[in-house]
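Examining the three-dimensional arrangement
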Amino acid sequence: MSALRNYLNKIKPNFQKGGKLHAFESVFDGFESFLYVPNTTAKSGASIHDSIDSKRIMSFVVIALIPALLFGMYNVGYQNFKAAGTLDAASFIEVFGFGFLAVLPKLLVSYIVGLGIEFAWAQWKHEEIQEGYLVSGIIIPLIIPISTPLWMLALACAFAVIFCKEIFGGTGMNIFNVAVGARMFLFFSYPLAMSGDKVWVAKDAIFGLGNTLPDGFTAATPLGQLAQGSMPSASLCDSIIGFIPGCIGETSVIAIAIGAIILLWTGIASWKTMGSVFAGGIVMALIFQALGMTPIAWYEHIVLGGFCFGAVFMATDPVTSARTEKGKYFYGFLIGAIAVIVRVMNPGYPEGMMLAIFFGNMFAPLIDYCVVQGNISRRAKRAIK
């Protein structure tokens, strides 16, 4: 590591003012601050009391996402081999290798397009490169079907970075979660590529791995089956483990739970927000179950679709969620409740988590405002007494 540090120190003058590569100063600064904690300190008004900056926080979130990513890769291969009837004869390496090759291009496109725009924006504005896309770049591919064309993914990433973040001032200033913005863009712009029965299983072999399936092959998600009026064919065990059709990183409750433990243990995610999302979903699911409006149990609503993934990795986004401690309870409960309401009341949109987070982001400032004003009112009354 010392050799790398020495090399960076050697070339750094070229990127500073007066250097021949001064135009790319923000690019160099971005890479340097990603590799090493900055050794400069604030002279006044400092509010940071340790060396864990936002880049380190983003890195921890990426680590927490790795279990869902790895299982998603395996499940992509699992669904392909299962559909072809060759799963029993396939090895773990073949199944995972196919899924890895299918998912990798989506990760590359997400990061190339998103970070490319971030770099270009920073150069244009003469600002340092912001680190928020480190997390969004991996979440976006995990919340889309495996058959999503790369050009659609590229458009969604560009839209999300520009219109959901940069126009608001960049990382820390955005109102809506960037990954939610990408998902909403894809769903409402290209609904046939994001829903239905033909988008959840990879159909083409890759470099000799996997199986080529018929063009007309279909495989519905459990929530899709519910929307069509039939009961889910997957068992509860498969739904928890993740061996079901769905978005790449959203199927395994176990993998998501590992990520949740990491986020809570490191203190990056708020347990109040995360727990309230589950509470809101459970309460609404119990109400609909008692009214006979949903044919599945309350716990099935929690383990199916993107509910767990959204609750753990997206509702807890510290930028777009409620920031007051009491407000986090209302914010999380609202998201969980809306997700189940959308699922049950609108059969045309069986997966309601992304829409719920979008509305949660929209109401978060109002929730915080009401909580703060309530505190001010109570203190004013106490002062009068």
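Residues numbered from 1 in each chain as written. Predicted model: local features only at pLDDT ≥ 70, side-chain atom pairs only at ≥ 80, totals over all residues. Heavy atoms only, no water.

Check the secondary structure of the protein chain and you find 16 helices and zero strands. Looking at the protein chain as a whole, 49% of its 385 residues are labelled buried. Pairs at least 24 apart in sequence give 70% of the contacts found in the protein chain among residues at least 6 apart. Split by element, the accessible area of the protein chain, about 18,700 Å² in all, is 67% carbon and sulfur. (Helix = DSSP H or I, 4+ residues; strand = E, 2+ residues; numbered from the N terminus. Buried < 20%, exposed > 50% of the residue type's maximum accessible area, 1.4 Å probe, protein only. Contact = heavy atoms within 4.5 Å. Areas by Shrake-Rupley, 256 points an atom, 1.4 Å probe, with all protein chains shown as cover.)

A word on the packing of aromatic side chains. Using the criterion set out here, one finds 20 aromatic pairs in the structure. Aromatic pair Phe 81 and Phe 98: ring centres 6.4 Å apart, planes at 90°, arrangement edge-to-face. With Phe 81 in helix H3 (residues 54-84) and Phe 98 in helix H4 (residues 92-125), the pair connects residues that are 17 residues apart, well separated along the chain. In this pair, the class of Phe 81 matches that of Phe 98, namely buried. An aromatic cluster is present here, built from Phe 71, Tyr 74, Tyr 78, Phe 92, Phe 96, Phe 100 and Phe 243 joined pairwise through their rings. (Phe/Tyr/Trp six-rings, centres within 6.5 Å; stacked < 30°, edge-to-face > 60°.)

As a further point, take a nonpolar patch on the surface. A contiguous nonpolar surface patch, about 600 Å² in accessible area, is contributed by Val 283, Ile 287, Leu 291, Met 293, Phe 333, Ile 341 and Met 345. Counting only elements with at least two residues in the nonpolar patch, the list comes to helix H12 (271-290) and helix H15 (325-345). Per element, the largest residue contribution to the nonpolar patch is three residues, and it comes from H15. Checked against the element boundaries, Met 345 lands in helix H15. Taking the relative accessible area as the measure of exposure, Met 345 reaches 49% and is therefore partly exposed. (Patch = residues over 30% accessible without salt bridge, like charges linked within 9 Å, V, L, I, M, F, W, Y side chains within 5 Å. Salt bridge = Lys/Arg side-chain N within 4 Å of Asp/Glu carboxyl O.)

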